[in-house]
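Examining the three-dimensional arrangement
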Amino acid sequence: MISTSTVSHPSSEPFNPRSGSLIERALFNHRALIVALCALVTALLGWQATRLQLNASFEKTIPTHQAFIANYLQYQKELTGLGNAVRIAVENPKSTIYDAQYLETLKQLSDEVFLVPGVARVHMKSLWTPNTRWVGVTEDGLEGGPVIPDGYDGSPTSLQKLQANIARSGEVGQLVALDAKSSVIYVPLLAQDAEGRPLSYAQFSQNLETLRAKYEAQGVKIHVTGFAKIVGDLIEGVRAVLAFFALAVAIATAMVYWYTRCVRSTALVVVASITAVVWQLGLLPLLGYSLDPYSILVPFLVFAIGMSHGAQKMNGIMQDVGRGMHKLVAARFTFRRLFLAGLTALLADAVGFAVLLVIDIQVIRELAVAASIGVGVLIFTNLILLPILLSYTGVSAKAAQRSLRAEAADAAGEERLKLWAWLDRFTRRPYATAAVTTAAVLGAAGFALSTQLKIGDLDPGAPELRADSRYNRDVSFMNAAYGASSDVLAVMVKTPDGQCSQYETLNKVDALEWQLRQIDGVESTNTLALLNRRVLSGLKATPIKVCDRRGWYGRAG
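Our subject in this report is the structure included herewith. (Residues numbered from 1 in each chain as written. Predicted model: local features only at pLDDT ≥ 70, side-chain atom pairs only at ≥ 80, totals over all residues. Heavy atoms only, no water.)

Section: the overall build of the protein chain
Scanning the protein chain from terminus to terminus reveals 19 helices and seven strands. Sorting the 557 residues of the protein chain into buried and exposed places 40% on the buried side. Counting only contacts in the protein chain whose residues sit at least 6 apart along the sequence, the fraction spanning at least 24 positions is 72%. (Helix = DSSP H or I, 4+ residues; strand = E, 2+ residues; numbered from the N terminus. Buried < 20%, exposed > 50% of the residue type's maximum accessible area, 1.4 Å probe, protein only. Contact = heavy atoms within 4.5 Å.)

Have a look at this one:
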């Protein structure tokens, strides 16, 4: 309890510790207990924060209930290799891919990538994998095989056969660059390993970087693109993010101190705001969440909001102390004045972030949860804990008197700073009318411009990274060297068992394939109907000329 003989109002009337709301009495009449509980929670959640994992998931970045995505997820096992994948382009800067030393390096790299954890090995593809094949029509009928010819030994004859096989494989522009100076290792990824653990993008990216360094030392250049590499690079940048967070803390601390000139109160505001971040990071693993690279900036937001609310509490206590109040009474009066307003503001922030939960993308929902949790814990750390701590430490007398300097100057009729005097004019009708009119004009202009807002990636590469980042340079190389995009649209035609090769089905698929081929941006198409027609033409016993409405010509014999 508080002794009424030593705590008083400025009018020297004793302060009644039983005054105020029930919440205020429960908190300030048991200050030591509240501080001890907060310290215990901070220690426990700080330990939990050490278990927080930084990872991402390809499935979390897509709207899982959208019709196309739902179909993809339903048939994901049949469509392995068409979703989350990386492309590794191996460039020969001195010559073309038809070089024995280059091909040996490519073989070794392909073998090592094949063994990297998380790779869907069955669907991995490169010039050296057996699923990269060529098919041709000869006088004896259909022939085909792996693009690497049998008995390949690196001789000029073997290289000529390889070049001919690649030309007949249809992989130019896909696995082989248009200028034949590089080739791609296509690496589809598993969402989980054999033990059900999610793919670690940080470890996967680190494995790729190790291979990049190893093989670039052998004279080739490695270019890597794909979702997994973006996330890996973002995770790799976490150390830089932590450095920026430390810089943000330093700048915020300096600004608050410049305003207050009080070391102890500034330190408490910073400690309370950092405590909120610790609580947030500790609650995430406790609730089963991990920290996604796309929500890595949420702790910055929580810290900034905490500093804002903390500065308000500190300023209120400082001014009351400057008017002669005891530090405990000043803390209680400030709590009494600002708790409900601060609570309303923080709850509004939390609800605002929670609205993001309606977006059917898991990564955005997790961002909303993380932000809502962070804003929620500020209620305890900055609206409750901070005033209680300030009731113990108080503020420096010099800083308290300084906080009332402007108020005393107004009371004495002294001239204000020119900036504040100019801003005061906007409380008068002419200036206020001009300000409102200007705001209305700017609002209308902003609305007009918002109708032209474009949503999505407008530039090549990853907008999350710098334009000159290594990843975006790799994307530029891929676009220039291969021409065709890595994006693949899979259209599934579902039939009863055993009827996918029926004539009626193939005829409809054939018509659909032709229409899709006419769409701008479609580089090429491939269907069972097209494959069936080519096989039949190759099996014809007499030489005939084949032409279809796509303009595809061939001669079978």
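Description of the nonpolar core
Of all hydrophobic cores here, the largest spans 63 residues; its most connected members are L27, F28, F303, M307, M318, L346 and I384. Sorting the residues of this core by element identifies α1 (22–28), α2 (31–49), α8 (238–260), α9 (263–286), α10 (298–322), α11 (327–354), α12 (362–393) and α13 (397–403) as the ones contributing at least two each. Broken down by element, this core gets its largest block of residues, 15 residues, from α12. Apart from the residues lying within four places of it in its own chain, the contact partners of M318 are T260, C262, S265, V395, A399, A400 and S403. Counting 52 residues, the second-largest nonpolar core is a separate cluster that includes V86, V184, L199 and F477. (Core = buried A, V, L, I, M, F, W, Y, C linked by side-chain atoms within 4.5 Å.)

Focus on the environment of P17
The topology assignment puts P17 in the segment before α1. You can call P17 buried: its relative accessible area is 3%. Residues P17 and R332, spaced 315 residues apart in sequence, show a C-alpha to C-alpha distance of 9.5 Å.

Topic: the side chain of R31
Secondary-structure assignment places R31 in helix α2. One buried charge, R31, has no salt-bridge partner; the nearest side chain with opposite charge is E24, at 11 Å. For R31, the side chain forms a polar contact with the side chain of S391, separated by 3.0 Å. Ignoring any residue separated from it by four or fewer positions in sequence, one finds R31 in contact with L328, I388, S391 and Y392. (Lys, Arg positive; Asp, Glu negative; His and termini not counted. Salt bridge = Lys/Arg side-chain N within 4 Å of Asp/Glu carboxyl O. Polar contact = N/O pair within 3.5 Å; in protein donor to acceptor, adjacent residues only side chain to side chain.)

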